Amino acid sequence: MLQDVKRGLLFTMVTMVLFGGLYPMALWAVGRVVFPAQAEGSLIRSTEGKVLGSTLIAQRFDQPGYFHPRPSGVDFNAASSGGTNDGPSNPEHLKAVRQRLDALVAAEGVPASRVPSEMVTASGGGLDPHIPPDAAELQINRVAAARGAEPSRVRELLARHIEPPTLGFLGRARVNVLELNVALDRELGIYNAATPAGKR
C-alpha cells in the first residue's frame, strides 16, 4: 500500500510540473516568438508607442473625418460584449434600424438601398471590429470632405486595407475600422473637427 501511495504522489508531482508548469511555459514561449503581436493582444500603437486599441475590438468613431464601425449593442464596452437580443420583429429594434438608416442616408448622401445591413444592425458580440468593403466605400466622400482630401486618395487608402477572406474562401472580404482610421491619421494628418482639441 505504501508503494501505491508513493507511486500516486510521484505521478501527481510529475503531472503538476509537466502540465502545470512546463507545458504552459512552452506555449507562452512559442506564442511570444512565433505570434508576438497576437500574444500582446493585437494592439495598435501610435508612433510614440501609445496604445490606440486592439484590432480585435471595435471602438466608437463618430467624427465625420473617420470611418464609422457598425452599431454596438453594448455601446462599445469591451468589458461587456453581447448583442441586443432583439428579434427582427421587435418594434424597438425596427425603430432603431430605421433611425440608423435615416441618419446614414442623410450623412452619406446615398440611397437607402446602398446601405449594407451591417451598418444598421448591431453584431452578436457588439464589438465587431470589421465592416464590409461596401460599407466603407459609402463613407469615402464624407471622410474626404471632412479632411479636405481628394476622395480618390481616401479610396486608395481603403483599397489597401481590404482584407480578403481567410485562406481565400472562409468568410468574406472585410475592413478593420481601427486600422483604417489609424492609417488615415498617419497619411493625411490627425483629424481635428473644428478645433485642435478635436477627438476621434
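Residues numbered from 1 in each chain as written. Predicted model: local features only at pLDDT ≥ 70, side-chain atom pairs only at ≥ 80, totals over all residues. Heavy atoms only, no water.

## A closer look at empty space enclosed by the protein
Tallied over the entire structure, the rule returns 1 cavity of 30 Å³ or more. In this structure, the largest cavity occupies an estimated 40 Å³ of space. Lining the largest cavity, in full, are Ile57, Ala58, Gln59, Phe61, Pro69, Pro129, Asn176, Val177 and Leu178. (1 Å grid on protein atoms, 1.4 Å probe; cavity = no way out; pocket = protein on both sides within 12 Å on 5 of 7 lines; lining within 4 Å. Points joined across faces, edges and corners; volume = space filled by probe spheres on them.)

## Description of the packing of helix H6 (residues 151-160) against helix H7 (residues 177-188)
Axis separation between H6 and H7 bottoms out at 10 Å; the angle between their running directions is 135 degrees. As the angle between them shows, H6 and H7 are arranged oblique. The way H6 lies across H7 gives a crossing that is right-handed. Contact residues: Arg153, Val154, Leu157, Leu158 and Arg160 in H6; Leu180, Ala183, Leu184, Glu187 and Leu188 in H7. Classifying every residue of the contact of H6 with H7 gives 7 nonpolar, no polar and 3 charged. (Axes fitted to C-alpha atoms, helices over the stretch in contact; angles between N-to-C directions. Helix = DSSP H or I, 4+ residues; strand = E, 2+ residues; numbered from the N terminus. Parallel < 35°, antiparallel > 145°, perpendicular 65-115°, else oblique. Left-handed = near helix turned anticlockwise from the far one by under 90°. Contact = heavy atoms within 4.5 Å. Nonpolar A, V, L, I, M, F, W, Y, C, P; charged D, E, K, R; others polar.)

## A short note on the pattern of salt bridges
Following the criterion strictly, the structure yields 11 salt bridges and no others. Here Asp75 ties to Arg60 by a salt bridge, and the two come within 1.9 Å at their closest N and O atoms. You can see Asp75 sitting in the loop between strand S2 (51-54) and helix H3 (91-108) and its partner Arg60 sitting in the loop between S2 and H3, a full 15 residues away along the chain. Of the residues examined, Asp75 reaches a relative accessible area of 52% and is grouped as exposed. For the salt bridge of Arg172 with Glu118, the shortest nitrogen-to-oxygen distance reads 1.9 Å. Of this pair, Arg172 sits in the loop between strand S4 (162-163) and strand S5 (174-176) while Glu118 sits in the loop between H3 and strand S3 (130-131); the two residues are 54 residues apart in sequence, bridging distant segments of the chain. The class of Glu118 is buried, set by a relative accessible area of 14%. (Salt bridge = Lys/Arg side-chain N within 4 Å of Asp/Glu carboxyl O. Buried < 20%, exposed > 50% of the residue type's maximum accessible area, 1.4 Å probe, protein only.)

Scope: geometric values only; no functional claims are made or implied.
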